[in-house]
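# Chains, contacts and geometry: an overview
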Amino acid sequence: MTSVPPRSSRRRLRVAVLFGGPSAERQVSLWSGERVLGSLDPAKYDALPVEITAEGKWLPRPDLLKLPAPPSAAPAPDPSAAPGGRAPSAVPSLAAASHHIDEVVREGEVDVVFVALHGPYGEDGTVQGLLELLGLPYTGSGVLASALAMDKLRSRQVLQASGLPVPAWIMLDAGHWPAGRDEFARRVGRDLGYPCVVKPNSQGSSFGVAVVREEAGLDAAVEDALGYDNVVLVEEYLRGTELTCGILEDPDTGVPHALPVIEIVPKREFFTYEAKYQGASEEICPARISGAAAAKAQDLALRAHQVLGCEGFSRVDLFLCGTDVIVLEVNTIPGLTEGSLIPLAARAAGIEYPDLLNRMITAALRRDRVRRRPRLSGGQPPAGGA
């Protein structure tokens with residue numbers, strides 16, 4: 001492998017961009033990763049594209065930087081590709097060239113990692129824990145916040161315990177299905193009623209999510225959701241205006257701020273995968289809601305971000321029901337594709353996409369510096385400390 005100068009002697013920061021992965025959101029991650037790679041300021045950053053294959057291998061992808069590519073390199077992803085399928089830009093013939101992690105991001109060769117992995121393994125604290133062990137700064141939230149936010153049940157319990165409004169829900173564990181389906185159906189009818197929403201506990205991009213309008217459709221929806229996760233949530237069906245609010249950390253101070261609220265108008269029943277990534281929705285920023293409602297949504301989004309311990313940035317999904325704002329969930333690695341919501345909100349706040357990436361990277365480096373501050377010798381607390 002070609003020798004790379006140590007961090008201190010390089011003018012540009014070496015940024016490893018991780019994308020792909022084995023989750024159902026692999027395709028979305030590829031779109032995000034390629035958009036990030038195409039937008040990093042080449043005067044500031046030396047990009048290292050790294051695809052995590054569907055088998056979990058780490059595969060350097062210099063072809064995505066328009067460097068000499070292998071003859072068999074496949075074209076960039078087709079936006080019409082089926083969700084969850086193998087990413088079109090993966091290069092199967094390069095599997096033999098895949099590397100162990102430490103061969104790709106050896107000490108001194110990478111300054112910071114830009115995590116563009118969505119869903120399980122990339123957004124749930126798994127890769128964050130790995131990067132912590134490697135001693136590499138990375139964008140987005142740490143291990144605990146990532147794992148907590150990805151787990152809809154646990155994050156909802158924490159949000160509710162902290163006084164934030166969340167939808168009513170019932171949890172189903174796969175071990176109680178199908179033997180307990182009759183009792184579960186009775187609970188849903190009694191406590192939530194119909195319509196209701198069925199969703200996998202730890203999945204994104206609306207995979208496995210269904211609106212069930214009558215009891216007859218419950219079994220099929222639960223079976224589908226259990227195909228993605230061993231835990232399923234059934235929650236009340238909210239009527240009103242679907243909102244989302246991005247949170248972006250000040251790279252200099254570390255203080256998080258709420259971006260303008262976005263109103264989502266799906267052309268289908270709810271914000272499906274197709275609505276998110278294939279143009280089947282309208283995203284309006286700023287949202288067409290009152291100033292008071294927008295302020296409430298921003299406040300709740302910021303509180304949710306902080307309660308879960310998120311860092312760098314996040315996107316909080318909410319629902320406006322009359323004058324009430326309900327918190328649905330927190331996304332620690334929201335999409336960064338051409339049509340994604342965080343870039344839209346940032347642009348409304350006067351932050352163009354390359355600057356948005358720069359802020360995310362700068363925040364990651366700042367957090368790393370704070371964590372590496374020398375501890376007091378002997379582990380003694382400061383004067384006057386408890």
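Anyway, here's the lowdown on the structure attached to this text. (Residues numbered from 1 in each chain as written. Predicted model: local features only at pLDDT ≥ 70, side-chain atom pairs only at ≥ 80, totals over all residues. Heavy atoms only, no water.)

### Let's talk about the overall build of the protein chain
When its secondary structure is counted, the protein chain shows eleven helices and 13 strands. By the burial criterion, 52% of the 386 residues in the protein chain qualify as buried. Sequence separation of 24 or more characterises 68% of the internal contacts of the protein chain that already satisfy a separation of 6 or more. (Helix = DSSP H or I, 4+ residues; strand = E, 2+ residues; numbered from the N terminus. Buried < 20%, exposed > 50% of the residue type's maximum accessible area, 1.4 Å probe, protein only. Contact = heavy atoms within 4.5 Å.)

### Looking at the packing of helix H10 (residues 341–348) against helix H11 (residues 353–371)
Close contact between H10 and H11 brings their axes to 9 Å; oriented N to C, the two are set at 105°. Considering their axes alone, H10 and H11 lie roughly perpendicular with respect to each other. Counted together, Ile342, Pro343 and Ala346 of H10 and Tyr353, Leu356 and Met360 of H11 form the full contact between these two elements. In terms of residue class, the contact of H10 with H11 is built from six nonpolar, no polar and no charged. (Axes fitted to C-alpha atoms, helices over the stretch in contact; angles between N-to-C directions. Parallel < 35°, antiparallel > 145°, perpendicular 65-115°, else oblique. Nonpolar A, V, L, I, M, F, W, Y, C, P; charged D, E, K, R; others polar.)

### Focus: the packing of helix H1 (residues 26–39) against H11
Axes are the key here: two packed helices are described by the angle between their axes and the distance separating the axes. Remark: H1 packs on H11, axes separated minimally by 9 Å, with the N-to-C direction vectors making an angle of 100°. With respect to H11, the element H1 is oriented roughly perpendicular. Where H1 approaches H11, its residues Arg35, Val36 and Ser39 are matched on the opposing element by Tyr353, Pro354 and Leu357. Broken down by class, the residue content of the contact of H1 with H11 amounts to four nonpolar, one polar and one charged.

### Concerning the environment of Trp169
Within the element layout of this structure, Trp169 appears in strand E5 (residues 169–173). Here the alpha-carbon distance between Trp169 and Val198, two residues 29 residues apart in the chain, equals 9.6 Å. Discounting residues that sit within four places of it in the chain, Trp169 has contacts with Leu153, Arg156, Gln157, Gln160, Leu192, Leu233, Val234 and Glu235.

### Quick look at unusual backbone geometry
Cis geometry is adopted by the peptide bond preceding Pro178, which originates at Trp177 and carries an omega value of 10°. Along the chain, Pro178 turns up in the loop between E5 and helix H6 (181–191). That bond from Cys285 to Pro286 is cis: its omega, 5°, falls within 30 degrees of zero. Counting through the fold element by element, Pro286 comes out in the loop between strand E11 (281–284) and helix H9 (291–307). In the Ramachandran plot, Tyr121 falls in the positive-phi region, its phi being about 80° despite a non-glycine side chain.

### Let's talk about the side chain of Arg367
Following the sequence through the fold, Arg367 ends up in helix H11. The buried category is assigned to Arg367, whose relative accessible area is 9%. Residues in contact with Arg367, not counting those within four places in the same chain, are Tyr138, Thr139, Gly140, Ser141, Gly142 and Glu311.

### A closer look at the nonpolar core
Counting 30 residues, the largest nonpolar core has Val15, Val17, Val36, Leu40, Phe114 and Ile361 as its most contacted members. Those elements that provide at least two residues to this core are strand E1 (13–20), H1, strand E2 (45–52), strand E4 (112–115), strand E10 (256–266), H10 and H11. Broken down by element, the residue count for this core peaks at seven residues, all from H11. Residues contacting Val15, with those up to four places away along its chain left out, are Leu40, Tyr45, Asp46, Ala47, Leu48, Val112, Phe114 and Ile361. One finds Ala145, Ala287, Ile289 and Ala297 within the second-largest nonpolar core, a separate group that totals 29 residues. (Core = buried A, V, L, I, M, F, W, Y, C linked by side-chain atoms within 4.5 Å.)

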